[in-house]
Amino acid sequence: MIPAPPPPAGPVPYAKAQALPLLRDMLRIRRFEEKCAEMYGAGKIRGFLHLYIGEEAVAVGALHALDAGDNIVATYREHGHALVRGVGMDVVMAEMYGKREGCSRGRGGSMHLFDAKARLYGGNAIVGGGLPIAVGLALADSMQGVARVTACFFGEGAMAEGAFHESMNLAALWKLPVLFCCENNLYAMGTALARSEAQTDLCAKAASYGMATLRADGQDVVAVREATLTAQGHVREGDGPFFVEYQTYRFRAHSMFDAELYRDKREVEAWKTRGPLHTFSARLKAEGKLTEEEFLALDRDALAEVDRAVAFAEAGTPEPVEDLLRDVISPSPRPSPRGEGELR
Ligand SMILES: Cc1ncc(C[n+]2csc(CCOP(=O)(O)OP(=O)(O)O)c2C)c(N)n1
Ligand SMILES: [Mg+2]
């Protein structure tokens, strides 16, 4: 059993007007993903589906500490990052459905949400795959003299990948503006960190590249935001990359195909008592910054947004079969079904 951390101490250091948007975004993610699970059961969403339920404080706290013009790179557990970044819930849901109106034109699905205008560069199914992309984006910015942070989210499982070490090394060597955001939810599929890693102190691994590090309670949206504010300030000042470990927990299975035989149900229940939504709303209520009516209104708004997104996705168009080879690059060009014989 991996014990849950103690509850957050001290008052929320934000006024009501600053605190409620954090709660609102956590509710939007939670309600969106609950609907995704339902629609998966109904056969409307297919393929892989990895839910972020329980981890919402990480994407919300971190993205609320970044500028809207910063780059975001994420994993296949990225619905929350897309929603907080401002990708419309309607086009995200349409992508989940594989519809042409989706943010990746229905080509990517749950694991490949992408929106260049929002500077969301995936959505990546490959564990550790986002790290070199983030380093490349930051290298481009630094060569072009653009002042921007690239925040790269990845799970602790990615830290066993060669791509992680190569990316950390180059980012530190070239002092690139990358904020490495490790979402440490303690498990990589069914493998607990200590079963696969000789060094379980993730900050120590990052520090071995001479990188500044911070560890934050990923179940507390305030702790996440504050740690990220510090870290992004360091990166923005030109002091090189920064690594933040957010200690969090997923309340659901790894994906929709996981019997969860590797963890004790009591452990899951204990961590649920540290759920980011109810602990934050309880603190705000205790401090007189939130009434039950206001909470219910935020929840109603989130549910209504989800209903509109489902209607949009249902009304969308499936990718026509004859278009399936469009934008697919092949080393041996073959005539397309339209007979044009060219790569596009
Ligand atoms: C390179 C690579 N190896 C293996 C997999 C299969 N795989 C998918 S998710 C996953 C676990 C990753 O765990 P972690 O990085 O901690 O992220 P989490 O799912 O916990 O958010 C693995 C091994 C993959 N997608 N890519
Ligand atoms: Mg993990």
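Residues numbered from 1 in each chain as written. Chains lettered and ligands numbered in written order. Predicted model: local features only at pLDDT ≥ 70, side-chain atom pairs only at ≥ 80, totals over all residues. Heavy atoms only, no water.

1. Some points on the overall build of the chain
In terms of regular secondary structure, the chain is built from twelve helices and seven strands. Its C-alpha atoms give the chain a radius of gyration of 20 Å, within 12% of the compact-globule value 20 Å for 344 residues. Dimensions along the principal axes, computed over C-alpha positions, put the chain at roughly 65 × 50 × 40 Å. Burial analysis of the chain (344 residues in total) assigns 51% to the buried set. Taking all contacts inside the chain whose residues are at least 6 apart in sequence as the whole, residues at least 24 apart take part in 73%. Of the roughly 15,100 Å² of accessible surface on the chain, a fraction of 57% belongs to carbon and sulfur atoms. (Helix = DSSP H or I, 4+ residues; strand = E, 2+ residues; numbered from the N terminus. Rg over C-alpha atoms; globule rule 2.2 N^0.38 Å. Buried < 20%, exposed > 50% of the residue type's maximum accessible area, 1.4 Å probe, protein only. Contact = heavy atoms within 4.5 Å. Areas by Shrake-Rupley, 256 points an atom, 1.4 Å probe, with all protein chains shown as cover.)

2. Remarks on the state of the cysteines
With the rule as written, the count across this model stands at zero disulfides. Between Cys181, a cysteine without a disulfide, and Cys152, which holds the nearest cysteine sulfur, the sulfur-to-sulfur distance is 7.5 Å. When its relative accessible area of 0% is taken as the criterion, Cys181 is described as buried. This cysteine, Cys182, is not joined by any disulfide, and Cys203 carries the nearest cysteine sulfur, 8.4 Å off. (Disulfide = S-S within 2.5 Å.)

3. Re the site of ligand 1
Not every one of the 15 residues close to ligand 1 is listed here, only the nearest: Tyr76, Arg77, Gly157, Asn185 and Tyr187. Here Val127 contributes a backbone N or O atom positioned 3.1 Å from a nitrogen atom of ligand 1. Protein contacts shield 73% of the accessible area of ligand 1, which totals 580 Å² for the unbound molecule. Judged by the proximity of its atoms to the pocket grid, ligand 1 belongs to the largest pocket. (Near = heavy atom within 4 Å. Polar contact = N/O pair within 3.5 Å; in protein donor to acceptor, adjacent residues only side chain to side chain. 1 Å grid on protein atoms, 1.4 Å probe; cavity = no way out; pocket = protein on both sides within 12 Å on 5 of 7 lines; lining within 4 Å. Sits in = over half its atoms within 2 Å of the grid points.)

4. Describing the sheet that holds strand 3 (residues 178–184)
Read from one edge to the other, the open sheet built from five strands follows the order 1-2-3-7-6, with strand pairing classed as parallel. Both outer strands of the open sheet, strand 1 (71–73) and strand 6 (212–217), are each paired with one neighbouring strand and no more. Going across the sheet, the axis of each strand differs from the next one's by a mean of 20 degrees, ignoring polarity. In terms of strand pairing, strand 3 meets strand 7 (residues 242–247) through six bridges, oriented parallel. Paired with Phe180 across the bridge in strand 7 is Phe243. On the sheet, helix 2 (residues 56–63) packs against strand 1, strand 2 (150–155), strand 3 and strand 7 and is oriented at approximately 170 degrees with respect to strand 2. Sitting on the sheet, helix 6 (residues 162–173) touches strand 2, strand 3 and strand 7, and the angle it makes with strand 3 is about 150 degrees. (Pairing = 2+ DSSP bridges. Axes fitted to C-alpha atoms, helices over the stretch in contact; angles between N-to-C directions.)

5. Here's the deal with the packing of aromatic side chains
Overall, the coordinates contain nine aromatic pairs when judged by the stated rule. Arranged with centres 5.8 Å apart and planes meeting at 85 degrees, the rings of Phe114 and Tyr121 form a pair that is edge-to-face. For Tyr121, a relative accessible area of 17% corresponds to the buried category. Seen from their ring centres, Tyr249 and Trp271 are 4.7 Å apart, and the 10 degrees between their planes marks the pair as stacked. In this pair, Tyr249 sits in the loop between strand 7 and helix 10 (265–272) while Trp271 sits in helix 10, placing the two residues 22 residues apart along the sequence. The pair Tyr249 / Trp271 is uniform in exposure class, with both members buried. Ring-pair connections join several aromatic residues into one group, and the members of that group are Phe154, Phe164, Phe180 and Phe243. It is Arg225 that lies over the ring of Tyr14; its NZ or CZ is 5.0 Å from the centre. A cation over an aromatic ring shows up here: Lys285 above the ring of Phe295, its NZ or CZ 5.2 Å from the ring centre. (Phe/Tyr/Trp six-rings, centres within 6.5 Å; stacked < 30°, edge-to-face > 60°. Lys NZ or Arg CZ within 6 Å of the ring centre and 35° of its normal.)

6. Focus on the coordination of the magnesium ion (ligand 2)
Within the first shell, the magnesium ion (ligand 2) binds the protein through Glu156 (OE), Glu156 (OE), Asn185 (OD1) and Tyr187 (O), at distances of 2.1 to 2.7 Å. One can describe the donor arrangement at the magnesium ion (ligand 2) as irregular, given that its six donor atoms subtend angles of 52 to 174 degrees at the metal. For the magnesium ion (ligand 2), all donor residues lie on one chain, and their spacing in sequence is E-x28-N-x1-Y. This pair shows no difference in class: Asn185 is buried, exactly as Tyr187 is. (Donors = N, O, S within 2.8 Å, 3.2 Å for Na, K, Ca; no water. Tetrahedral: all angles 85-135°; square planar, octahedral: opposite > 155°, others 65-115°.)

7. Considering a nonpolar patch on the surface
Nonpolar side chains collect at one region of the surface, where Phe48, Met256 and Phe257 lie side by side and expose about 310 Å² of accessible area between them. The exposure class of Met256 is partly exposed, given its relative accessible area of 31%. (Patch = residues over 30% accessible without salt bridge, like charges linked within 9 Å, V, L, I, M, F, W, Y side chains within 5 Å. Salt bridge = Lys/Arg side-chain N within 4 Å of Asp/Glu carboxyl O.)

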